[in-house]
Amino acid sequence: MAESHSNNNNVPVLLSFSSFSRPSSVPAGCGHEVLIQKFLSIYGRQIDVYRRFIIQLYSDDWEQYIDLPKGFVISEKCKLRLVPLQSDVAALGNLCPATTAFFCCDMQERFRPVIKYFGDIISVGQRLLQGARTLGIPVVVTEQYPKGLGSTVQELDLSAARLVVPKTKFSMVVPEVEALLAELPAVRSVVLFGVETHVCIQQTALDLIGRGYEVHLVADSASSRSMMDRMFAFERLARAGVIVTTSEAVLLQLVADKEHPKFKEVQNIIKASGPESGLLSKV
């Protein structure tokens, strides 16, 4: 059954999921974790990462797939498939750093005098960016027509952002952002914040849901010029499946345990309560 490997020490494999099969290659000697990442890179959009999976190996002896043996490593050409375990538990909006990206939408200087409670959403936005940097979560930033509306406000530290892109489209899902998401196949959840809730935020959220992402909209870091527009945008998005949440809930969900190595740093970020503004009574 063994076949010679290519000079770069990769082994040919056939990776199957659901009704799909695709030939690929993986490094000789790799095991379960590398194989999972390979499946994610190929079948990312089809895989629900909140379910449990097993990898099975095709056995010539048994002429069927068998569960991957404990301690298995790739040494020769083989056929593998990823099998989801049956579960009656629906995904409930869980977040973890490895499958999350933060989207900061159009927090620009020219919006400062017209967006309700703009200072408050900037303050909360900075907390979110600090949390993302602490936890190693990729950050995407867009700027709506910066030639006319200015750059992102100086209070927001974008030094760790993976992408800062100008746009004219209202949705953040522009080609540059789609290309970055293609490079991040493990990302399943997007934490979204910025302005305006009923325009760019709403259209971004709907575009992301349409592409299979789970969207968490941070209510204390999203606003509009009109509180009525903001309120009805939240209602519409919640009905569409968007999870409306808060910055503290997001950051604590991402660490999940006081024993998390970054818990103390995140705790320092949220130690001071978020601003209490009119946003709280208008969700």
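What this report covers is the structure whose coordinates are included nearby. (Residues numbered from 1 in each chain as written. Predicted model: local features only at pLDDT ≥ 70, side-chain atom pairs only at ≥ 80, totals over all residues. Heavy atoms only, no water.)

### Considering the environment of asparagine 10
- Inspection of the secondary structure assignment puts asparagine 10 in strand S1 (residues 10-17).
- Note: C-alpha distance between asparagine 10 and leucine 149 (139 residues apart in sequence) is 50 Å. (Helix = DSSP H or I, 4+ residues; strand = E, 2+ residues; numbered from the N terminus.)

### Remarks on unusual backbone geometry
- Residue valine 195 is joined to glutamate 196 through a cis peptide bond whose omega torsion reads -25°.
- As for its placement among the helices and strands, glutamate 196 is situated in the loop between strand S9 (189-195) and helix H5 (197-210).
- Its identity is not glycine, yet aspartate 106 carries a phi of approximately 55°, on the positive side.
- In this structure, aspartate 106 sits in the loop between strand S6 (100-105) and helix H2 (118-135).
- Note on aspartate 106: relative accessible area 1%, which makes it buried.
- Although it is not a glycine, tyrosine 117 adopts a positive phi angle of roughly 55°.
- Judged by its relative accessible area of 37%, tyrosine 117 falls in the partly exposed class. (Buried < 20%, exposed > 50% of the residue type's maximum accessible area, 1.4 Å probe, protein only.)

### Considering the packing of helix H7 (residues 247-255) against helix H8 (residues 263-270)
- The interhelical angle for the contact between H7 and H8, taken along N-to-C directions, is 175°, at an axis separation of 10 Å. By the criterion of interaxial angle, the relationship of H7 to H8 is roughly antiparallel. Counting all contacts with H7, which are made through Glu248, Leu251, Leu252 and Val255, the residues of H8 involved are Phe263, Val266, Ile269 and Ile270.
- Residue composition of the contact of H7 with H8, grouped by class: seven nonpolar, no polar and one charged. (Axes fitted to C-alpha atoms, helices over the stretch in contact; angles between N-to-C directions. Parallel < 35°, antiparallel > 145°, perpendicular 65-115°, else oblique. Contact = heavy atoms within 4.5 Å. Nonpolar A, V, L, I, M, F, W, Y, C, P; charged D, E, K, R; others polar.)

### Describing the pairing of strand S10 (residues 214-223)
- With respect to burial, S10 is a largely interior element, ten of its ten residues being buried.
- As paired strands, S9 and S10 are joined by six bridges and run parallel to one another. Note that in S10 the partner of serine 189 across the bridge is glutamate 214.
- In terms of handedness, the path from S9 via H5 over to S10 forms a crossover that is right-handed.
- Pairing of S10 with strand S11 (residues 243-245) involves three bridges; the strand directions are parallel. Along S11, the bridge assignment pairs leucine 217 with valine 244.
- In this region the chain leaves S10, passes through helix H6 (residues 227-239) and returns to the parallel neighbour S11; the handedness of that crossover is right-handed. (Pairing = 2+ DSSP bridges. Right-handed = clockwise from strand over helix to strand, strands pointing away.)

### With respect to the sheet that holds strand S8 (residues 163-167)
- Spatially, S8-S7-S6-S9-S10-S11 is the arrangement adopted by the six strands of the open sheet, whose pairing is parallel. In this open sheet, the two strands that pair with only one neighbour each are S8 and S11. Across this sheet, the average inter-strand angle for adjacent strands is 25°, counted without regard to direction.
- Relative to S9, S6 runs parallel, the two being bridged by six bridges. Pairing of cysteine 104 across the sheet is with phenylalanine 193, part of S9.
- H2 rests against S6, strand S7 (139-144), S9 and S10 of the sheet, and its axis sits at about 135° to S10.

### Overview of the pattern of salt bridges
- Taken as a whole, this structure holds eight salt bridges when the rule is applied.
- A salt bridge links arginine 133 to aspartate 157; the shortest N-O distance between them is 3.5 Å. Taken together, the residues arginine 133 in helix H2 and aspartate 157 in the loop between helix H3 (146-149) and S8 connect sequence positions 24 residues apart.
- Ionic pairing is found between lysine 258 and glutamate 259, a salt bridge with its closest N-O pair at 3.5 Å.
- Residue classification places glutamate 259 among the exposed residues on the basis of a relative accessible area of 61%.
- Salt bridges sharing common partners tie together Glu109, Arg112 and Glu155. (Salt bridge = Lys/Arg side-chain N within 4 Å of Asp/Glu carboxyl O.)

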